[in-house]
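# Structural overview for review
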Amino acid sequence: GDALRPSRPRIDARLLRALEALRDPSVDVPRAAAMVGLSASRLTHRMTEALGAPPRAWRAWLRTQAAIGHLLREGSTLTRAAYAAGFADSAHLSRTCRRLMGVRPAMMLPRTVYISDRTEG
């Protein structure tokens, strides 16, 4: 059973702490690197090697995820969600979302259909 299962490589805890720091819109990659005791270039190298993408890509992903979450939880406007997640404006959020996920943010929201209870006739 377990003896034949390949072991997963351990991820450096500093990378996980840097990812957590990057959830904060005010934290950029150099600051996250400093917070975990690495240079920005070393963090970029290690994160790309261990997690498949550089910190800037992870930061964009985390911010996009936060904006969509804000839209779903708060029911706010796209602009408010973009600002809350650290984007410059809703267009910046939309471009990033399309680049990372291939769709506009609005396409990820549940659709609501309103049906009138009035009958015509």
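Here's a quick rundown of the structure. (Residues numbered from 1 in each chain as written. Predicted model: local features only at pLDDT ≥ 70, side-chain atom pairs only at ≥ 80, totals over all residues. Heavy atoms only, no water.)

Time to look at the side chain of Arg-63. Along the chain, Arg-63 falls in helix H4 (residues 55-74). Despite its burial, Arg-63 pairs with no opposite charge, the nearest such side chain being Asp-89 at 9.1 Å. Contact partners of Arg-63, with chain neighbours within four places excluded, come to Ala-85, Gly-86, Phe-87 and His-92. (Helix = DSSP H or I, 4+ residues; strand = E, 2+ residues; numbered from the N terminus. Buried < 20%, exposed > 50% of the residue type's maximum accessible area, 1.4 Å probe, protein only. Lys, Arg positive; Asp, Glu negative; His and termini not counted. Salt bridge = Lys/Arg side-chain N within 4 Å of Asp/Glu carboxyl O. Contact = heavy atoms within 4.5 Å.)

Further remarks concern the layout of surface pockets. Roughly 180 Å³ of internal volume is contained in the largest pocket. Lining the largest pocket are Asp-28, Val-29, Arg-56, Ala-57, Arg-59, Ala-60, Arg-63, Phe-87, His-92, Thr-96 and Arg-99. Every element with two or more residues in the lining of the largest pocket is listed here: H4 and helix H6 (90-101). No other element matches H4, which puts five residues into the lining of the largest pocket. (1 Å grid on protein atoms, 1.4 Å probe; cavity = no way out; pocket = protein on both sides within 12 Å on 5 of 7 lines; lining within 4 Å. Points joined across faces, edges and corners; volume = space filled by probe spheres on them.)

The subject of this paragraph is the nonpolar core. By size, the foremost hydrophobic cluster in this structure holds 14 residues, and its most contacted members are Ala-18, Leu-22, Val-27, Ala-32, Leu-43 and Met-47. If you list the elements that add at least two residues to this core, you get helix H1 (13-22), helix H2 (29-35) and helix H3 (40-51). Broken down by element, this core gets its largest block of residues, five residues, from H1. One finds Ala-67, Ala-82, Ala-85 and Phe-87 within the second-largest nonpolar core, a separate group that totals five residues. (Core = buried A, V, L, I, M, F, W, Y, C linked by side-chain atoms within 4.5 Å.)

Each α-helix turn comprises 3.6 residues. Residues three or four places apart therefore point the same way. Across its twelve residues, H6 extends 16 Å between first and last C-alpha, which sits within 8% of the 16 Å expected from 1.5 Å per residue. Burial in H6 covers these residues: Leu-93, Ser-94, Thr-96 and Cys-97. Tucked into the core, H6 has its buried residues touching H4 and helix H5 (78-84). N-cap assignment for H6: the residue whose side-chain oxygen lies 3.2 Å from the backbone N of Ala-91 is Asp-89. Two residues or fewer past H6, Gly-102 is found with a positive phi of approximately 85 degrees. (Expected span 1.5 Å × (residues − 1). Polar contact = N/O pair within 3.5 Å; in protein donor to acceptor, adjacent residues only side chain to side chain.)

Mapped onto the secondary structure, Ala-53 falls in the loop between H3 and H4. When neighbours within four sequence positions are excluded, Ala-53 is seen to be in contact with Met-47, Thr-48 and Trp-58.

In short, shape yes, function no, at least from these values alone.
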